[in-house]
Amino acid sequence: AWGVYREWAKQAGVTRLDLRSCDDLAAAVDDYCSFDSAPVREFTAASQINGGDFTVTFWVKPSSQQSPDPLTKRFEPSLGFLASLSPPRHNLIVGRFDNASAGGEAVVMDGCDASWTSSVSFPQMPSDAWSLISISRSNAKGVTTLVVSGASVSEQSEAAHGVCPFEAAALFQALEFDRPLLISPITLVPEALPVGKMQDLFYASRKHMAYRTGPAVPRAQTITPKVDIEKADYGQRTMLLSAPVVWQSRRLPTTDCKTKLSGTFIKEQHAKATESFCTGQFSCPSGIEQQPETTLACPAGIAETWPGLDLEAFALSGQLGYGDFLFSIVESPFLLREGQVVPTSDFIDSMTSFVKVFLVFYAPRVGITSLLTVNADFMDDQEVTMKVKLGHFSVLEGNSLLLYTVIQSSCIFLILLMFIDTIFKIRHEYANCKPDPSVPGSTWTFPEASMIFSELTDVLNTAIISQYVFQQIPRRYTSADVAQEIVSGITSIDWASDSLSLIGRKTAYFDQIKSIISLQEEEDGLAVFANMILLVSMLRVVQATNLHPRLGILTGTVSHALDDLFHFVLLVIIVSCCFAAIGVWRFGVERDDFKDFTTTVLTSVTMLMGELPSNWTQTLELALFVEIYIVVVFFLVQNFLLAIIVEAYMTVRAEYVRMQTEQSFPTDAVACFRTSVQIFWYRWPMPGKVAEALEPWNARVSIGFDDLQRTGIFTNGGDKIGKFLQFYKKYDFLEPPRVANRMPIKEGQEVVEEIEKRVAYLFGKAPQTLRGEARVASKLFKKRRMLQKSTSDLAPGSFKWAAARARLSSFEDHELGVGRTASGDYKL
């Protein structure tokens with residue numbers, strides 16, 4: 001036996017293991033390879049009862065690049081069934097020997113007669129598929145039969161010879177291989193099966209074995225850590241609360257495509273397919289000829305049923321779809337559903353609308369439940385679009401909840417104050433806009449746009465902040481209960497339960513996932529609501545900067561340039577649309593950054609910021625397109641915008657430079673605070689009341705002690721008025737003007753307009769407008785033409801002619817305000 005084995009090991013290229021060394025033997029044993037000797041002992045005992053007949057069947061397949069022979073590059077496995085380890089003795093050996101044919105041979109050895117052997121050759125085995133090796137021995141007939149993959153049959157007949165094992169208790173006690181390979185569980189039959197039975201074993205398991213891939217690496221290697229693990233004093237900040245879930249929405253297959261040509265093409269291809277494959281001895285399912293969408297189809301409406309993977313439809317976020325565990329789809333190439341083997345590669349196909357993967361995390365340290373969502377949209381005409389979204393649901397308890405309540409209560413109080421202030425402002429503006437009964441001819445006036453914007457913003461802020469706060473407070477108080485219900489609902493599912501079916505457990509699990517998704521959608525809605533509040537508040541803060549000329553430079557510039565900016569935006573939209581249309585039409589089929597109108601507009605915006613498309617000089621047309629865009633948009637249109645802003649800024653700056661009362665913002669802020677203190681201490685009237693009392697005196701160039709006393713608003717003694725005058729006397733812009741610089745000298749029409757305004761104010765009438773002046777002038781010139789006509793009808797030199805001429809000259813001098821030229825003619 002030793003000599004036979006040494007010869008076999010030498011010919012097979014096996015590096016012999018010294019089985020006498022306990023250390024080498026222990027190192028060679030695979031602790032993660034299952035081997036139970038009890039079935040082998042039962043099989044051996046039954047075989048001895050049947051006269052020593054037996055059949056051994058097993059599948060083999062290469063597992064790696066080291067499986068083929070390094071010299072021949074063919075898969076030639078060598079397998080020894082060891083009856084004993086020391087000395088090494090075999091009742092059965094499979095391998096390639098020098099006297100074997102192309103593939104190898106199986107050798108049966110007799111434990112009673114060491115010189116007797118029976119060998120059967122087998123052909124070359126495939127290097128990419130499973131091969132079934134069946135070895136049968138009949139002692140009574142003296143026949144050893146070998147069947148490989150149900151097709152190759154080899155027999156060796158001889159005189160009847162009883163084969164006895166080296167060890168009476170077991171035909172073999174260990175297996176020894178010469179190179180890496182995959183081997184199935186070994187089938188042991190205590191009788192010599194005929195060739196037909198062995199072929200049936202192959203055909204019965206052939207389809208099932210095609211799905212079996214086996215481990216890519218040995219079990220011992222998979223559990224060996226590839227990264228050094230160090231002891232951590234603190235646990236993880238977060239943990240995966242549940243198994244990831246993959247969910248998809250599907251479309252119905254149809255031949256009604258966007259174009260008639262597509263539908264006709266699908267039907268023609270289906271007809272060719274059925275004609276080629278559904279003829280002769282090959283039969284197709286009934287009615288398949290009338291279902292062209294089974295070959296090729298276009299997506300239609302949402303599919304409410306789907307037989308694939310035997311999944312039941314359920315709704316997520318209002319959409320119907322099908323879900324399963326992610327590891328079931330990713331880690332297993334096939335699943336057994338309802339007795340059918342289904343490949344998981346069919347989970348996503350051309351009818352998949354979009355796929356979502358949900359991962360739920362929980363961070364015990366901070367009490368936050370997180371939902372990670374990966375979205376893949378397969379219905380995009382260009383490519384599959386991917387989006388990743390991470391949402392959180394936090395729990396508030398104890399001091400955090402108390403602090404949150406205090407902050408929200410303060411927010412409610414401030415909202416109430418803002419609402420009251422807004423009501424008073426609206427009432428004040430209403431009083432200013434309505435007609436004044438004391439002024440004849442007064443009409444309704446329209447408030448300024450800035451005032452309307454500020455009041456509307458305040459009203460909107462009050463409404464949306466109140467809505468947000470009153471929604472968030474009860475949610476925060478119940479957040480702990482909601483989180484506990486979700487976490488315990490997932491962790492309490494008994495996956496090993498015998499009373500609850502797998503479908504029932506999955507349904508309970510998906511119900512919790514749906515609850516988390518619904519909760520996260522509510523949080524996302526409130527987050528959008530809060531973002532809108534912040535944007536509106538930011539606009540209100542920016543608009544409030546116009547309380548001071550220096551701070552209001554932004555709002556003042558935008559206000560002055562609003563009309564020009566509106567027309568500039570129209571110009572930009574027209575130019576951008578033109579460039580986007582050209583880019584999509586010419587470069588959309590070649591470049592992803594011009595694939596559609598929206599993407600091209602975004603590309604144009606990045607070009608406006610100075611980032612040019614990649615490889616934009618690869619074609620002359622693209623380079624010309626980019627250069628024209630740079631010239632038109634970057635150099636011209638962008639500089640137009642700068643010119644508009646600069647012009648508006650200079651206008652605003654000139655206004656506050658001319659303003660006599662303007663100071664820096666810190667100086668004015670300190671002055672306002674000091675004024676408030678003085679008003680409270682000396683009980684002066686409010687500044688608005690003083691301005692209202694002095695407003696009719698706009699013709700006065702200075703106001704003194706007596707003037708303020710006559711107003712009657714200072715009711716607490718003359719010393720208060722003196723303090724008032726002393727306080728405001730320090731401001732240079734309130735000093736009484738001197739005679740020399742009382743007012744700028746005005747001439748001509750400016751003097752007339754100033755006098756008209758003052759007279760109109762004294763009589764309680766509105767100043768004359770340009771249209772009114774034109775109407776009066778028209779009447780005067782009409783009267784002048786009548787006087788000229790009456791003069792021309794009289795005889796020159798007569799008394800009546802002289803009187804009419806005198807009346808015309810007096811009218812022209814006094815009513816029309818004309819003067820004589822050097823030649824004596826009248827000139828207006």
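Everything quoted here is computed from the prediction, not taken from an experiment. (Residues numbered from 1 in each chain as written. Predicted model: local features only at pLDDT ≥ 70, side-chain atom pairs only at ≥ 80, totals over all residues. Heavy atoms only, no water.)

For the chain, the count of helices and strands is 22 helices and 23 strands. Looking at the chain residue by residue over its 828 residues, the buried ones come to 33%. Long-range pairs, those at least 24 residues apart, make up 62% of the contacts in the chain with a sequence separation of at least 6. Carbon together with sulfur atoms contributes 60% to the accessible area of the chain, which is approximately 52000 Å² in total. (Helix = DSSP H or I, 4+ residues; strand = E, 2+ residues; numbered from the N terminus. Buried < 20%, exposed > 50% of the residue type's maximum accessible area, 1.4 Å probe, protein only. Contact = heavy atoms within 4.5 Å. Areas by Shrake-Rupley, 256 points an atom, 1.4 Å probe, with all protein chains shown as cover.)

A separate point is the confidence of the model for the chain. The predicted model of the chain averages 80 in pLDDT, with 87% of residues at 70 or higher. Confidence drops under a pLDDT of 50 for residues 1-5, and excluding neighbours within four residues, the segment shows nine contacts in the predicted structure. Scored below 50 in pLDDT, residues 818-828 shows 17 contacts in the model against residues more than four places distant or in partner chains. (pLDDT = per-residue confidence, 0-100.)

The description of an aromatic ring pair uses the distance of the two centres, along with the angle that the planes make with each other. Applying the stated criterion across every chain, the model contains 28 aromatic pairs. Residues Trp306 and Tyr322 carry aromatic rings whose centres are separated by 5.5 Å and whose planes lie at 65° to one another, so their mutual orientation is edge-to-face. Placement of Trp306 in the loop between strand E14 (298-302) and strand E15 (313-316) and of Tyr322 in strand E16 (residues 319-325) is noted, with a sequence separation of 16 residues between them. Across the pair, exposure class does not vary: Trp306 and Tyr322 are buried alike. An angle of 50° between the planes, with centres 5.3 Å apart, marks the rings of Phe325 and Tyr509 as tilted. (Phe/Tyr/Trp six-rings, centres within 6.5 Å; stacked < 30°, edge-to-face > 60°.)

One non-glycine residue, Asn615, lies in the positive phi region at around 55°. On the basis of relative accessibility, which here comes to 54%, the residue Asn615 falls in the exposed class.

As a further point, take the nonpolar core. Phe58, Phe81, Ile133, Ile135 and Leu146 are the most contacted members of the largest nonpolar core, which has 26 residues in total. Those elements that provide at least two residues to this core are helix H3 (37-49), strand E1 (54-62), strand E2 (79-85), strand E3 (88-95), strand E4 (104-109), strand E5 (117-122), strand E6 (131-138) and strand E7 (143-148). Examining the composition of this core, we find that four residues originate from one element, E1, more than from any other. Ignoring any residue separated from it by four or fewer positions in sequence, one finds Ile135 in contact with Phe54, Thr55, Val56, Leu92, Val94, Ala106, Thr145 and Leu146. (Core = buried A, V, L, I, M, F, W, Y, C linked by side-chain atoms within 4.5 Å.)

So, about the sheet that holds E4. Pairing is antiparallel in the open sheet, where five strands are placed in the order E5-E4-E3-E2-E9. Looking at the sheet topology across the chains shown, the edges are occupied by E5 and strand E9 (174-177). The sheet shows a mean angle of 25° between the axes of neighbouring strands, direction not considered. Two strands pair when backbone bridges link them, and E3 and E4 are joined in this way by four bridges, in the antiparallel orientation. Counterpart to Ile93 in the pairing with E4 is Val107. (Pairing = 2+ DSSP bridges. Axes fitted to C-alpha atoms, helices over the stretch in contact; angles between N-to-C directions.)

There is a patch of like positive charges on the surface, built from Arg775, Lys779, Lys782 and Arg785. If you trace the backbone, Arg785 turns up in helix H21 (residues 770-792). (Patch = residues over 30% accessible without salt bridge, like charges linked within 9 Å, V, L, I, M, F, W, Y side chains within 5 Å. Salt bridge = Lys/Arg side-chain N within 4 Å of Asp/Glu carboxyl O. Lys, Arg positive; Asp, Glu negative; His and termini not counted. Charge placed at Lys NZ, Arg CZ, Asp CG, Glu CD.)

This brings us to the environment of Leu296. With respect to the element layout, Leu296 can be found in the loop between helix H6 (260-277) and E14. Sequence spacing of Leu296 and Thr255 is 41 residues, and the spatial spacing of their C-alpha atoms is 8.1 Å. Those residues in contact with Leu296 that lie beyond four places of it in its chain are Phe265 and Ile266.

In regular strands, side chains alternate between the two faces of the sheet. Residues Ala174 and Glu176 of E9 are buried on one face, while the alternating residues Leu175 and Phe177, pointing to the opposite face, are not. Sheet topology places E2 next to E9; four bridges connect them, and they run antiparallel. Along E9, the bridge assignment pairs Phe81 with Leu175.

Residues Leu571, Val631, Phe634, Phe635, Leu636 and Phe640 make up a contiguous nonpolar surface patch of roughly 520 Å² in combined accessible area. Element by element, the count of residues in the nonpolar patch is highest for helix H15 (residues 620-658), at five residues.

Now for the state of the cysteines. In the structure shown here, the tally under the stated rule is one disulfide. Put simply, Cys257 and Cys298 are joined by a disulfide, and their sulfur atoms are 1.9 Å apart. On the sign convention where negative is left-handed, the bridge of Cys257 and Cys298, at about 95° about the S-S bond, is right-handed. Taken together, the positions of Cys257 in the loop between strand E13 (245-254) and H6 and Cys298 in strand E14 put the pair 41 residues apart, joining distant regions of the chain. Residue class for Cys257 comes out buried when judged on its relative accessible area of 18%. A residue is classified by how much of its surface remains accessible, and Cys298, at 18% relative accessible area, is buried. Cys578 takes part in no disulfide bond, and the closest cysteine sulfur, belonging to Cys577, lies 7.0 Å away. (Disulfide = S-S within 2.5 Å.)

Moving on, we get to H6. Between its first and last C-alpha, H6 extends 26 Å over 18 residues, near the 26 Å set by a 1.5 Å rise per residue. Along H6, the residues classified as buried are Gly263, Ile266, His270 and Thr274. Seen from one end, H6 has its buried residues packed into an arc of 60°, which puts them on one side. Relative to its buried face, H6 has exposed residues pointing more than 90 degrees away, namely Leu261, Lys272, Glu275 and Ser276. Each element contacted by the buried residues of H6 is listed here: E14. (Expected span 1.5 Å × (residues − 1). Arc of directions from axis to C-beta.)

For the rest of this paragraph, the subject is the pattern of salt bridges. For the structure shown, the criterion picks out 15 salt bridges. Across the salt bridge formed by Arg476 and Glu523, the nearest N and O atoms sit 3.0 Å from each other. Pair noted here: Arg476 is in helix H9 (residues 449-477) and Glu523 is in helix H11 (residues 502-544), with a separation of 47 residues, a long-range link. Comparing Arg476 with Glu523, the two get one shared label, buried. Within the structure, one salt-bridge network assembled from shared partners comprises Arg475, Arg476, Glu522 and Glu523.

It is worth spelling out H15 at this point. For H15, with 39 residues, the first-to-last C-alpha span of 55 Å sits near the 57 Å given by 1.5 Å per residue. Of all the bends in H15, the greatest, near 30°, is centred on Ile630. Leu622, Ala623, Phe625, Val626, Tyr629, Val633, Val637, Ile644, Ala648, Val652 and Tyr656 are the residues of H15 that are buried. Packing partners of the buried residues in H15 comprise helix H12 (553-560), helix H13 (562-587) and helix H14 (597-608). (Bend = angle between axes of the 7 residues up to and from the residue.)

Bringing the environment of Thr213 into the picture now. Checked against the element boundaries, Thr213 lands in the loop between helix H4 (195-211) and helix H5 (219-222). Under the relative-accessibility criterion, Thr213 is labelled partly exposed at 47%. When neighbours within four sequence positions are excluded, Thr213 is seen to be in contact with Leu182 and Pro333.

Two numbers describe how H9 lies on H11: the axes approach to 9 Å, and their chain directions differ by 150°. Compared by their axis directions, H9 and H11 come out roughly antiparallel. Along this stretch, H9 crosses H11, giving a crossing that reads as left-handed. In the contact of H9 with H11, the residues fall into 13 nonpolar, nine polar and six charged. (Parallel < 35°, antiparallel > 145°, perpendicular 65-115°, else oblique. Left-handed = near helix turned anticlockwise from the far one by under 90°. Nonpolar A, V, L, I, M, F, W, Y, C, P; charged D, E, K, R; others polar.)

We now examine the pairing of strand E17 (residues 334-337). Side-chain alternation along E17 places Leu335 and Arg337 on a buried face and Phe334 and Leu336 on a face that remains uncovered. Two elements, E17 and strand E18 (residues 340-343), share four bridges in a ladder whose sense is antiparallel. By the bridge assignment for E18, Arg337 is matched with Gln340.

So, about the side chain of Asn461. Looking at where Asn461 falls in the secondary structure, it is placed in helix H9. Judged by relative accessible area, which is 4%, Asn461 ranks as buried.

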